[in-house]
Amino acid sequence: MCWRCIRRTPLPGFTDRLLELLPGVAQHSCSRGHEGGFGERLREGTWLGHVAEHVALQLQQEAGHDQRRGKTRMERGRPGVYNVVYGYADEGVGLSAGRLAVRLINDLVQHEEDFDFAEELDYFLRRAERTAFGPSTQAIIEEAVSRDIPYIRLNSASLVQLGQGVHAQRIRATMTSKTGALAVDIASDKDLTTKLLASAGLPVPKQETVRTVEGAVAAARGIGHPVVVKPLDGNHGRGVGLNLMTDDEVREAFAVALDQSRGGWVIVESFITGKDYRCLIVGGRMRAIAERVPAHVVGDGRHTVSELVTLTNADPRRGVGHEKVLTRIRLDDNAIELVREQGYGMDDVPPDGEMVKLALTGNMSTGGISIDRTFEAHPDNVEIAEEAARMVGLDVAGIDFICPDITQPVRETGGAICEVNAAPGFRMHTHPTVGEPQFIAKPVVDLLFAPGAPSRVPIVAVTGTNGKTTTSRMIAHIFKETGKKVGMTSTDGVVIDERLVIKADASGPRSARMVLQNPRVEVAVMEVARGGILREGLGYDRNDIAVVTNIAPDHLGMRGIDTLEQLADVKAVIVEAVPRNGFAILNADDPLVRGMRNRCSGSVIWYSIQPPDSREREFIERRLRRGGRALVLEPTERGDMIVIKDGARSMQLAWTHLLPATFGGTAMFNVANAMAAAGAAFASGVGLHEIRQGLRTFTTSYYLSPGRMNLIQVRGSEVFVDYCHNAPGMEVLGAFIDRYADAKTATSEWGKISRIGMIATAGDRRDQDLHDLGAVAARFFDVLVIREDQRLRGRRSGEAAALILEGARAAQTAGAARVRQIETVLDEVTAVRHCVARANPGDIVVLCVDQHAKVVAELETLTHTAQAGARATEHGGDPDWE
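Describing the overall build of the protein chain
(1) Moving on: Helix and strand counts for the protein chain stand at 30 helices and 36 strands.
(2) Moving on: Along the first, second and third principal axes, the C-alpha set of the protein chain runs to 110 × 75 × 65 Å.
(3) Moving on: Burial status across the protein chain gives 52% buried among its 882 residues.
(4) Moving on: For the protein chain, the accessible area works out to roughly 39,100 Å², and carbon and sulfur atoms hold 49% of it.
(5) Moving on: Computing the positive centroid from 103 side-chain charges and the negative centroid from 114, the protein chain places the two 6 Å apart.

Topic: the packing of helix H8 (residues 190-199) against helix H13 (residues 379-392)
(1) Moving on: At a minimum axis separation of 10 Å, H8 and H13 run at an interaxial angle of 120°. Taken together, the axes of H8 and H13 lie oblique to each other. As H8 packs across H13, the resulting crossing turns out to be right-handed. Taking contact as the criterion, the partners of Thr193, Leu196, Leu197 and Ser199 in H8 are, on H13, Ala388, Met391 and Val392.
(2) Moving on: Of the residues that constitute the contact of H8 with H13, the class distribution is 5 nonpolar, 2 polar and no charged.

Some remarks on the pairing of strand S18 (residues 396-403)
(1) Moving on: Burial runs high along S18: 8 of the 8 residues are buried.
(2) Moving on: Direction of pairing for S18 relative to strand S19 (residues 416-422): antiparallel, over a ladder of 6 bridges. By the bridge assignment, isoleucine 399 is partnered in S19 with valine 420.

Digging into the sheet that holds strand S4 (residues 159-162)
(1) Moving on: Across the sheet, 4 strands lie side by side as S3-S4-S5-S6; this open sheet has antiparallel pairing. Every interior strand has two partners, whereas the edge strands, strand S3 (151-153) and strand S6 (175-176), have only one.
(2) Moving on: Bridging between strand S5 (residues 169-172) and S6 involves 2 bridges; their strand directions are antiparallel. Bridging across to S6, arginine 172 finds its partner in methionine 175.
(3) Moving on: Those strands touched by helix H6 (residues 135-146) are S3, S4 and S5, and its axis lies near 15° from that of S4.

Here we look at the pairing of S5
(1) Moving on: Every second residue of S5 is oriented toward a common face, the buried set being Gln169 and Ile171 and the non-buried set Arg170 and Arg172.
(2) Moving on: What sits between the antiparallel neighbours S4 and S5 is a turn of 6 residues, in which glycine 163 has the positive phi angle 85°.
(3) Moving on: Where S5 folds back onto S6 in an antiparallel hairpin, the turn is made up of 2 residues, including alanine 173, whose phi is positive at roughly 55°.

A short note on helix H20 (residues 564-571)
It helps to recall that an α-helix has 3.6 residues per turn; residues three or four apart then point in one direction.
(1) Moving on: Those residues of H20 not exposed but buried are Leu567, Ala568, Val570 and Lys571. Buried residues of H20, seen end-on, are gathered within an arc of 160° and therefore sit on one face of the element.
(2) Moving on: Next to the buried residues of H20 lie strand S20 (459-463), helix H19 (530-536), helix H21 (573-576) and helix H22 (591-594).

Quick notes on the sheet that holds strand S7 (residues 207-210)
(1) Moving on: Spatially, the 4 strands line up as an open sheet ordered S7-S10-S8-S9, and their pairing is antiparallel. Two strands lie at the open edges of the sheet, namely S7 and strand S9 (241-244), each paired on one side alone. Recorded for the sheet is a direction-independent mean angle of 20° between the axes of neighbouring strands.
(2) Moving on: Relative to strand S10 (residues 266-270), strand S8 (residues 227-231) runs antiparallel, the two being bridged by 5 bridges. Within S10, the residue paired with valine 227 across the bridge is serine 270.
(3) Moving on: Along the sheet, H8 makes contact with S7, S8 and S10, crossing S7 at roughly 155°.

Some points on the packing of aromatic side chains
(1) Moving on: A full pass over the atoms with the stated rule returns 11 aromatic pairs.
(2) Moving on: Here phenylalanine 133 and tyrosine 151 contribute two aromatic rings whose centre-to-centre distance is 6.5 Å and whose plane-to-plane angle is 70°, an arrangement assigned as edge-to-face. Taken together, the residues phenylalanine 133 in the loop between helix H5 (117-131) and H6 and tyrosine 151 in strand S3 connect sequence positions 18 residues apart.
(3) Moving on: Overall, the relative accessible area of 33% leaves tyrosine 151 in the partly exposed class.

A short note on the environment of threonine 209
(1) Moving on: Along the chain, the position of threonine 209 falls in strand S7.
(2) Moving on: Residue threonine 209 is classed as partly exposed on the basis of its relative accessible area of 26%.
(3) Moving on: The contact partners of threonine 209, leaving out residues within four places of it in the chain, are Asp191, Trp265, Val266 and Ile267.
(4) Moving on: At a separation of 3.2 Å, a polar atom in the side chain of threonine 209 contacts the side chain of aspartate 191.

So, the pattern of salt bridges
(1) Moving on: The final tally for this structure, using the stated rule, is 57 salt bridges.
(2) Moving on: In this structure, aspartate 446 and arginine 147 form a salt bridge, with 2.8 Å as the shortest nitrogen-oxygen distance. Of this pair, aspartate 446 sits in helix H16 (residues 441-448) while arginine 147 sits in the loop between H6 and S3, and the two are 299 residues apart along the sequence.
(3) Moving on: Relative accessible area serves as the criterion here: at 23%, aspartate 446 is assigned to the partly exposed category.
(4) Moving on: Aspartate 789 is the partner of arginine 787 in a salt bridge, and the nearest nitrogen-oxygen pair spans 2.7 Å.
(5) Moving on: Overall, the relative accessible area of 13% leaves aspartate 789 in the buried class.
(6) Moving on: What emerges from the salt-bridge pattern is a single network uniting Glu143, Arg147, Lys442 and Asp446.

Cut-offs applied
- Residues numbered from 1 in each chain as written.
- Predicted model: local features only at pLDDT ≥ 70, side-chain atom pairs only at ≥ 80, totals over all residues.
- Heavy atoms only, no water.
- Helix = DSSP H or I, 4+ residues; strand = E, 2+ residues; numbered from the N terminus.
- Buried < 20%, exposed > 50% of the residue type's maximum accessible area, 1.4 Å probe, protein only.
- Areas by Shrake-Rupley, 256 points an atom, 1.4 Å probe, with all protein chains shown as cover.
- Lys, Arg positive; Asp, Glu negative; His and termini not counted.
- Charge placed at Lys NZ, Arg CZ, Asp CG, Glu CD.
- Axes fitted to C-alpha atoms, helices over the stretch in contact; angles between N-to-C directions.
- Parallel < 35°, antiparallel > 145°, perpendicular 65-115°, else oblique.
- Left-handed = near helix turned anticlockwise from the far one by under 90°.
- Contact = heavy atoms within 4.5 Å.
- Nonpolar A, V, L, I, M, F, W, Y, C, P; charged D, E, K, R; others polar.
- Pairing = 2+ DSSP bridges.
- Arc of directions from axis to C-beta.
- Phe/Tyr/Trp six-rings, centres within 6.5 Å; stacked < 30°, edge-to-face > 60°.
- Polar contact = N/O pair within 3.5 Å; in protein donor to acceptor, adjacent residues only side chain to side chain.
- Salt bridge = Lys/Arg side-chain N within 4 Å of Asp/Glu carboxyl O.

Here it is in structure tokens:
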């Protein structure tokens, strides 16, 4: 359905029906800045995309996710098409809220017979509950976030990574990276646990492990009634039978326990009378104690047992599963039987003050409540619980005590440890029904990250229209030279410690998260593209250093980005993500990049390749006089020197002609890239010697920089393989070819040197962009071969090439072109062969490629073929001379 502006023509009844279904929407403040502002906007009339934004936010609030921020903009020239941005706590819930919001609005505009909002809302809320973090995981995450420790959710359950790269730790509920697998196995084997505790002299009940019902009966007789029957490897109180007085009760309890036992083993142990206490041990120390009271109701002399349960479940603190601090009481067959044993039926009215139990165990998951007893426990009991955790070997353990009174020594009053739990729940401690909450997530996070320990790896984000891939590679190479293991994302893939692990366009947020999840990564270098930012953002909360190379016409007319200013706004996101102690490395030669300085919360380091008397250098000098920092070029008789300036202090870094990537200082775009990389490394604290060494050892070989200015000798001609694909990039590439060819002509033995260029660009660029690419390329090459990309991106075969050809012909006709001959060869590999075949020894061939691996492989084949032919000629033309 196409949504159009309803500001002047509101839809009859739309607002009333929406507020009837979601009354909370009316309370949103919106741009009015006060509660109820959006309700006013609704009644005045507003964009349906704007309504969808607020409905998506309200749906998340219905699910318990407090999200309030959003923004909506209509795409220019496309009425009814909106870009809607809104916050979310859980990505899956956020996306589901957006989809349901769109369906609801469409239904309100034009009713759909198969759409039932109440049913859809119920499904949405149940799905949100399934994907939400449990209270234990949420408590740890909140503590981590309060310490500025980032987290990444690794699955739809409770597996979470805290920290980044080499500093990362993982949790699953309350199990951590430091929880030993052997300790978990021991805790899961209740029989083994009891034997270990008994061997340490700790109080434990008598018990036997059995596999048959008759074995259970015999064990119960030997231990002495009453007994407890439970699965060997159970949890959450499932399958536990308590206070069993007869053989028949043991037989019934055995069947239930066996059903819950994964290994087919059942424990029979002596029944210890007393209250149920859970002692939480973290890092070998007691952190909290809670008394667990089984699910129950208290009579008031007026309501039946069933009605009392309904009233109890109406408590807003109770929910399904672990979604809230208390769990709703379930009236299953076991609960009804237990009520009957206490002399009541479900329709009976218990006397005022009479407690009616609905479960035997005090587990929170069965509807029990908790009472905080942390500061009441006797020191002897605390010592016993801590020793039990040490014996099992758990870093986080829940010790279940049964004793008459936790304030009195267990060894004197009687009682025992009935269970040691790995991954104990925190809910009873963080949200006790009675008593003060205990902040137990803090010691857990302390176990993983000692005070002052790092949790983040340095993140360097690089963006811009041209040069960002090469700059990213230079930065990664400098860090590698310092001994760091670098994770890098780029348009070529994900690289971890110099190994390409994913080959794809990996300049988006998912690739960034992949790098930050890798436990080897010590430094992350992220190439950040416009598309990834618009689709999903950055993939992390902040970057320590942001590098912006330039803003030029490319990707315009896509995803609502129509002007250079809008493109600059998108790329400035990485500058906005710089913290106060971070740095932005900005190109002072680009006015749009210069304008980003006001968006940076940290410090700015400028760089410029312009001469000292330029306006750009005057701009930098003004900032240097105020204590700023910059990288500039200082011309000398020996060549240009890259100089780092810190206020009034100057530090010489390197001669540009000694950097291999600059081809003797003629590739000014790589001089600029090297300065940006040096600025990022300098801001990171890398020493000048390491920066200098990194730049001097970085080459544009295919090994270090595939598809970026790779120089290959083929049949005596020099072939450059590069990814240049837009007019601004062609301008600087062409200027380099002019300087390189002039230098070569001055020393060449070949005489006149021809320049052959192969060009193309993506089909989703604007017609004008394709036209401009052809016009610019025509100024620098004698022969121009136009190809097309393998992916046409919405155009017909040959259409993009025809537009490039049109631009080149127009430049040729206007007399503003060097080109003598223009040809179209659509297939990339065929076009490569054609260019090489046309080249004579000494000529310069520039191949602007799409599939660089295929092109380089073809060039190697041509080289080997030519070499084999030359060797055969030397041996009398015999092809089989070898």
